[in-house]
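# A closer look at the structure
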Amino acid sequence: MKDLINAAINARKFSYSPYSHFEVGAALMCSDGTVYTGCNVENAAYGPSNCAERTAIFKAVSEGKRDFVRIAIVGGEKGQSVAPTPCGVCRQVMSEFCSQDFEIVMAKSEDDYEVMTLGELLPRGFEL
Ligand code: THU
């Protein structure tokens, strides 16, 4: 858990967030033990911005991974640390690939975090 949170903390350093100044990092653990990281990438038009969680998930899926165990998320304004909860869009993206027991680790630091499942954070997500 600590390693995954530290990977998210490191990914946060690459956050491109000149508009919100809210820097987010995520680290996604695959069932084969590999880890994909991501940061939020904002855009002057706002709408095309991407959250850290989706960056990590899309990186993993684009390299053939679809089986995920948990994701760690860290973030905050520069020099601060809150434990971000994933936005609704990211929860829906998670639900495309992850089971209800997928773990979402919302961390302030490697010792201060809360774990909730996707089933808890997105009950009755849309499915076809
Ligand atoms: N953001 C994330 O990357 N992940 C979250 O869980 C919450 C929000 C980003 C989107 C935007 O770049 C900034 O944080 C402020 O909303």
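This section reports on the structure supplied with the text. (Residues numbered from 1 in each chain as written. Predicted model: local features only at pLDDT ≥ 70, side-chain atom pairs only at ≥ 80, totals over all residues. Heavy atoms only, no water.)

## Describing the packing of aromatic side chains
Which entries qualify depends on this criterion: Stacked, tilted and edge-to-face pairs are distinguished by plane angle, under 30 degrees for stacked and over 60 for edge-to-face with tilted covering the rest, among Phe, Tyr and Trp rings (Trp via its six-membered ring) whose centres lie within 6.5 Å. Here a strand is any run of E in DSSP of at least two residues, a helix any run of H or I of at least four, and the numbering for each starts at the N terminus. In this scheme, a residue with accessible area under 20% of its type's maximum is buried, one over 50% is exposed, and one in between is partly exposed, where area comes from a 1.4 Å probe on protein chains only.
If you walk through the whole model with that rule in mind, you get 2 aromatic pairs. Judged by centre distance (5.8 Å) and plane angle (45 degrees), the rings of Y19 and Y46 are tilted. Here Y46 lies in the loop between β2 (35-39) and α2 (52-61) and Y19 lies in the loop between α1 (2-12) and β1 (22-30), a separation of 27 residues in the sequence. Judged by its relative accessible area of 58%, Y46 is exposed.

## A short note on the packing of α2 against helix α3 (residues 88-97)
We apply this condition: Note on geometry: axes are lines fitted to C-alpha atoms, helical ones only across the stretch in contact, with angles between N-to-C directions running from 0 to 180 degrees. Oblique is the label for every angle not falling under 35 degrees (roughly parallel), over 145 degrees (roughly antiparallel), or within 65 to 115 degrees (roughly perpendicular). By the definition used in this description, the sense in which the near helix is turned from the far one sets the handedness, with an anticlockwise turn below a right angle giving left-handed and a clockwise turn giving right-handed. Contacts are assigned to residue pairs with any non-hydrogen atoms lying within 4.5 Å of each other. Each residue is assigned to one class: nonpolar for Ala, Val, Leu, Ile, Met, Phe, Trp, Tyr, Cys and Pro, charged for Asp, Glu, Lys and Arg, and polar for all the others, Gly among them.
Running from amino to carboxyl end, α2 crosses α3 at an angle of 25 degrees, the nearest separation of the two axes being 9 Å. Put simply, α2 runs roughly parallel to α3. At the point where α2 passes α3, the crossing takes the left-handed sense. For the pair α2 and α3, contact is made by E53, R54, I57, F58 and V61 and by V89, C90, V93, M94 and F97, respectively. The residue inventory of the contact of α2 with α3, partitioned by class, reads 8 nonpolar, no polar and 2 charged.

## Let's talk about the state of the cysteines
The line we're drawing: Two cysteine sulfurs form a disulfide in these notes if their separation is within 2.5 Å.
Enumeration according to the criterion identifies 0 disulfides in this entry. Here C30 stays unpaired: no disulfide links it, and the sulfur of C98, its closest cysteine neighbor, is 9.6 Å away. Classification of C30 by relative accessible area gives buried; the value is 2%. In this model C90 remains outside any disulfide bridge; the closest cysteine sulfur is found in C87, 3.8 Å from its own.

## Examining the site of the ligand
Selection criterion: Any residue with a heavy atom positioned within 4 Å of a molecule or strand is treated as near that molecule or strand. Any pair of N or O atoms that falls within 3.5 Å is considered a polar contact. Within protein, one atom must be able to donate a hydrogen and the other to accept it, and sequence-neighbouring residues count only if both atoms are side-chain atoms. Only the protein chains shown count as covering a residue, and every accessible area follows the Shrake-Rupley method with a 1.4 Å probe. A cavity, in this analysis, means grid points on a 1 Å lattice covering only the protein atoms where a 1.4 Å probe fits yet has no way out; a pocket is instead an open set bounded by protein on both sides within 12 Å along at least five of seven lines, and a residue lines either one if it has an atom within 4 Å of a point. To be counted as sitting in a cavity or pocket, a molecule needs more than half of its atoms within 2 Å of that site's grid points.
Near the ligand you find S20, F22, V24, N40, E42, C51, A52, E53, T85 and P86, and these make up its full shell. A distance of 2.9 Å is found between an oxygen atom of the ligand and a backbone nitrogen or oxygen belonging to A52. A distance of 2.5 Å separates an oxygen atom of the ligand from a polar atom in the side chain of E53. Computed on the free molecule, the ligand has an accessible area of 370 Å², of which 76% lies beneath the protein chains in the complex. Counting atoms within 2 Å of the grid points, the majority share of the ligand lands in the largest pocket. Breaking the shell around the ligand down by element, the ones donating at least two residues are β1 and α2. A class-by-class count of the residues in the shell around the ligand yields 5 nonpolar, 3 polar and 2 charged.

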